[in-house]
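The lines below spell out each chain.
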Amino acid sequence: MSGVTQFRRKARIAISDIRLQGALEGATQKFRTGRTAALADLPDAGALRDHFKAIRQATIAQLADHLETFERNAQASGAQVHWAADGDEACRIITGIAQQHGVKLTTKSKSMTSEEIGLNDALADAGVEPVETDLGEWIVQLAGEPPSHIVGPALHKTRQQVAELLSKEAGKELDADDIPLLTAEARRMLRQKFLDAGLGISGANIGVAESGSIVLVTNEGNGRLVTSAPPVHIALMGIEKIAPTWDDAAVWLSLLARSATGQPLSVYTSVVTGPAKSDDIDGPQEVHIVLLDNGRSKLLNTPFEEVLQCIRCGACLNVCPVYRAAGGHSYGSHYSGPIGAVISPLLFGLEKHAALPQASTLCGACLDECPSRIDLPRMLLALRAEEVESGLIPLPERLLERAAARVMGNHRLLSAAGTGLRLGQIPLAQGETLNIPRRFNPAQDRRLPALPKKSFRQMWRDGDLDE
Amino acid sequence: MNSRHKILNQLRSNGRAAETPGPWRSRRQFDDLAARFADALTAAKGECRRAGSLDDALDQLHQLLRELSAGKIVVNAEPPFIELDLPSRWPDFQWHTVGQSDGDLRAFCAAATVGLSGADAALAETGSVIVSSGPGRSRLATLLPEIHLALVPTSSLTADIFTWTAGRQGVLPANQIIVSGPSKTGDIEQTMAIGVHGPKRFIVILYDEG
């Protein structure tokens, strides 16, 4: 039950943090506006999303075949393919490759999957220094924090906080108001790391089965550097990220950046098909692809199979009223927002993440936004039902719900309750609204209408509703 | 092999027959591919110059390199540069021709002002240029220098990513990049900053072939 209280405690702190609220609203609004404009620019975006959903559904239904095709073609291109049943196995495979090559320093391109399995800790334990190279991801690494958004890991940080972290790293005072300077300093400091690293580690946005290619999108160019400069490249990919053909990958790419940041395409889309060929000028001599299950395969053929269609664009976070108020860290999982509220319990245990299916208003905005039209509200409800069945709901809440069901099932009780509440609200009522105690309304921005003098049933009886 | 079997078995026992939809065909129709390309690239903070011929493109390139006070220039040995021998033509700059010049390519690229490349293809919809690895084509040459400058013939333009994937053939290079602007980030307070890890400027000279 500690999970439930933890979410509420963290969310309460987040909600009263005016600065964080500003950052969340600014960032998510920017993402939302960008996405809307980018999709509006597409001819037939709705049909394209339907088509994408159909591709994702069919691919997941036959994932075993597609993964085998992917493996065969990746191997034919010279890449080495590894399979990891869980996060520990993936970490062992990756640290093993690093140690085998005597790697002391590895540069990493942002990967939520690597966050999911705690790869950085595993690398550090194995004596390999991992350096995140996506600017936002590097900032949270320097701060010792998890990312707070799938696409914008450091969106909760102010420029002052960023400047402080980077100043410490640079050994000199950097002006927080000069964002181009902060960026230039990050470029300078990380450039040497790229060139010195013995290993590059990336995620994979897409694995294209028909050619055995890994597709990686970044805006900064770090994805290109990580996969081009070091002698060895390891890509970590969730098994669900398969596109059978390049035509399918094109649909995926045309929706990914538009949904995530509102760009028609990310600045760099990298396609890696095996290690450098014998007559290539540069590039890694070895490419490894680690296919990670970690709880995904067991979702097939369950009411939660749909969640495997997710492409981690983060669009559902940006529209979610709970994410926008509570922020990513409240969720206590690397995956936050509506998608995080569904996959965290599914992949890492309902008991551990019992609060998350509750962290939703079921408003349905996430479903409207999702590029592959994943029905997250339906799954949130299904998880809530499972929680009730497994007794994961706190006792006071269960008693309250039971009482509510009793009252609503009996018209006498209901009208008695109405009368009681009308009397009870008198000390709080101010005209037509209720004065909410400060404790429940820290920013003083919430309004709750008072119960009207007459109930609907009373108005009906008195004939108030006639014409 | 154990995990491989475990994962595949699990997926297979719970999988089912499903019909994958056919390919999505582009619904884009641009009257003027070159104009759309230029607009889209400009919107993405890239720069597009138009040239009436390869000679015109080279004149503009020369002018541009002088304006930039380019010191070191790395050039991929690929069309349209292969037979042009720019290093002898414009000896005022310090050149490295990929696969031909002596010296450490990586160090040269890291210190270079400009990386010059051609393109496999260009996407009008998004203002993107596609570059590949291969003989004479360095990945770092278009990545480490301050500026990536591409000479792209209008004949390589295609409408969008769908027309591009539909027309693809043959074996893929080990590395292929779709470039859609200069390197950028919004990671500090959602404020766009240009030039994080990749080139700070991305300039395309789009030329008609005479």
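What counts, and at which threshold
Residues numbered from 1 in each chain as written. Chains lettered and ligands numbered in written order. Predicted model: local features only at pLDDT ≥ 70, side-chain atom pairs only at ≥ 80, totals over all residues. Heavy atoms only, no water. Helix = DSSP H or I, 4+ residues; strand = E, 2+ residues; numbered from the N terminus. Rg over C-alpha atoms; globule rule 2.2 N^0.38 Å. Buried < 20%, exposed > 50% of the residue type's maximum accessible area, 1.4 Å probe, protein only. Contact = heavy atoms within 4.5 Å. Buried area = accessible area lost by both parts, 1.4 Å probe. Salt bridge = Lys/Arg side-chain N within 4 Å of Asp/Glu carboxyl O. Polar contact = N/O pair within 3.5 Å; in protein donor to acceptor, adjacent residues only side chain to side chain. Nonpolar A, V, L, I, M, F, W, Y, C, P; charged D, E, K, R; others polar. Phe/Tyr/Trp six-rings, centres within 6.5 Å; stacked < 30°, edge-to-face > 60°. Lys NZ or Arg CZ within 6 Å of the ring centre and 35° of its normal. 1 Å grid on protein atoms, 1.4 Å probe; cavity = no way out; pocket = protein on both sides within 12 Å on 5 of 7 lines; lining within 4 Å. Points joined across faces, edges and corners; volume = space filled by probe spheres on them. Patch = residues over 30% accessible without salt bridge, like charges linked within 9 Å, V, L, I, M, F, W, Y side chains within 5 Å. Areas by Shrake-Rupley, 256 points an atom, 1.4 Å probe, with all protein chains shown as cover. Expected span 1.5 Å × (residues − 1). Pairing = 2+ DSSP bridges. Axes fitted to C-alpha atoms, helices over the stretch in contact; angles between N-to-C directions. Disulfide = S-S within 2.5 Å. Domains from an automatic or database assignment.

**What to know about the overall build of chain A**
- Regarding its fold elements, chain A presents 20 helices and 13 strands.
- Compactness check: chain A gives a C-alpha radius of gyration of 25 Å against a globular reference of 23 Å for 467 residues, within 12% of the reference.
- Along the three orthogonal principal directions, the C-alpha set of chain A runs to about 90 × 55 × 45 Å.
- Counting the 467 residues in chain A, one finds 58% classified as buried.

**Re the interface of chain A and chain B**
- Listed per partner, the contact involves 95 residues of chain A and 76 residues of chain B.
- Both faces considered, chain A and chain B share a buried interface measuring about 7100 Å² in area, 58% of it formed by carbon and sulfur atoms.
- On the chain A side of the interface with chain B, the three residues burying the most area are Arg 187, Arg 224 and Ile 281 of chain A, jointly 10% of the side's total.
- Joining chain A to chain B, the criterion identifies 11 salt bridges.
- For the pair chain A and chain B, the number of links is 37 residue pairs in polar contact (both at pLDDT 80 or more).
- The element that contributes the greatest number of residues to the side of chain A that touches chain B is helix α10 (residues 179–196) of chain A, accounting for 9 residues.
- Class assignment for the residues of the side of chain A that touches chain B results in 46 nonpolar, 25 polar and 24 charged.

**Focus: the packing of aromatic side chains**
- Scanning all chains against the criterion turns up 7 aromatic pairs over all chains.
- Ring plane angle 65 degrees and centroid distance 5.7 Å describe the contact between Phe 52 of chain A and Trp 252 of chain A, whose orientation is recorded as edge-to-face. Of this pair, Phe 52 of chain A sits in helix α3 (residues 45–61) while Trp 252 of chain A sits in helix α12 (residues 246–260), placing them 200 residues apart in sequence.
- By relative accessible area, Trp 252 of chain A is classed as buried at 1%.
- Ring geometry for Tyr 335 of chain A and Phe 348 of chain A: centres 6.4 Å apart, planes at 5 degrees, overall stacked. With a gap of 13 residues between them, Tyr 335 of chain A in the loop between α14 (321–326) and α15 (337–348) and Phe 348 of chain A in helix α15 connect regions that are remote in the sequence.
- One aromatic cluster in this structure is built from Phe 7, Tyr 323 and Tyr 331 of chain A.
- In this structure, Arg 312 of chain A is placed above the aromatic ring of Tyr 335 of chain A, and the distance from its NZ or CZ to the ring centre is 4.8 Å.
- When the ring centre of Trp 246 of chain A is taken as reference, the NZ or CZ atom of Arg 168 of chain B above it lies at 4.4 Å.

**Overview of empty space enclosed by the protein**
All names here are of chain A.
- Summed over all chains, the structure comprises 5 cavities of 30 Å³ or more.
- Within this model, the largest cavity holds a volume of roughly 110 Å³.
- What lines the largest cavity is a set of 14 residues, and nearest its centre among them are Cys 310, Cys 313, Cys 316, Cys 370 and Pro 371.
- Among the residues forming the lining of the largest cavity, the class breakdown is 11 nonpolar, 2 polar and 1 charged.
- In this structure, the second largest cavity spans a volume of roughly 80 Å³.
- For the second largest cavity, the lining is made up of 14 residues, of which Cys 320, Pro 338, Ser 360, Cys 363 and Cys 366 are closest to its centre.
- Elements with a contribution of two residues or more to the lining of the second largest cavity: α16 (365–369) and α17 (376–389).
- Its residues placed into classes, the lining of the second largest cavity shows 11 nonpolar, 3 polar and no charged.

**Considering a nonpolar patch on the surface**
- A surface patch of nonpolar side chains, amounting to about 380 Å² of accessible area, comprises Phe 456, Trp 460 and Leu 465 of chain A.
- Position of Trp 460 of chain A among the secondary structure elements: in helix α20 (residues 456–461).

**A word on helix α5 (residues 87–100) of chain A**
- Taking 1.5 Å per residue, 14 residues should reach 20 Å; α5 of chain A reaches 20 Å between its end C-alpha atoms and fits that length.
- Taken as a whole, α5 of chain A has its buried residues at Gly 87, Glu 89, Ala 90, Cys 91, Ile 93, Ile 94, Thr 95, Ile 97 and Ala 98 of chain A.
- Looking at the buried residues of α5 of chain A, the elements they touch are β1 (80–84), α7 (119–125), β4 (199–202), β7 (232–238) and β10 (286–292) of chain A together with α1 (2–14) of chain B.
- Capping the start of α5 of chain A, Asp 86 of chain A holds a side-chain oxygen 3.3 Å from the backbone nitrogen of Asp 88 of chain A, two or three residues further along.
- Remark: Gly 102 of chain A follows α5 of chain A within two positions and exhibits a positive phi of approximately 65 degrees.

**Looking at the pairing of strand β6 (residues 128–132) of chain B**
All names here are of chain B.
- Of all 5 residues in β6, 5 are buried; the element is thus mostly enclosed.
- Along β6, one buried face is formed by Ser 128, Ile 130 and Ser 132 and the opposite face, lined by Val 129 and Val 131, is buried too.
- Relative to β6, strand β5 (residues 121–123) runs antiparallel, the two sharing 3 bridges. In the strand pairing of β6, Ala 122 is matched with Val 129.
- Hairpin geometry of β5 and β6 is characterised by an intervening segment of 4 residues between the two adjacent antiparallel strands and by a positive phi of about 65 degrees at Gly 127.
- The pairing of β6 with strand β9 (residues 175–179) spans 4 bridges and is classified as antiparallel. In the strand pairing of β9, Val 129 is matched with Val 179.

**Topic: the sheet that holds β4 of chain A**
Residues and elements named next belong to chain A.
- Judged by pairing direction, the sheet is parallel, and its 6 strands sit side by side in the order β1-β10-β7-β4-β2-β3 without closing on themselves. Of all strands in the sheet, those with a lone pairing partner are β1 and β3 (129–132), marking the two edges. Sheet twist, expressed as the average angle between the axes of neighbouring strands with direction ignored, equals 25 degrees.
- Across 4 bridges, strand β2 (residues 105–108) lies against β3 in parallel orientation. Bridge pairing links Thr 106 to Pro 130 in β3.
- In the packing of α5 onto the sheet, contacts are made with β1, β4, β7 and β10, and the angle to β1 comes to roughly 145 degrees.

**A few points about the state of the cysteines**
Residues and elements named next belong to chain A.
- Under the defined criterion, the tally for this structure stands at 0 disulfides over all chains.
- A disulfide-free cysteine, Cys 316 has its sulfur positioned 6.3 Å from the sulfur of Cys 366, the nearest such atom.
- Using a relative accessible area of 9% as the deciding quantity, one classes Cys 316 as buried.

**A closer look at the domain arrangement of chain A**
- Segmenting chain A into domains produces domain 1 (1–41 + 314–393), domain 2 (61–297) and domain 3 (404–461).
- Here the C-alpha centroids of domain 2 of chain A and domain 3 of chain A sit 52 Å apart.

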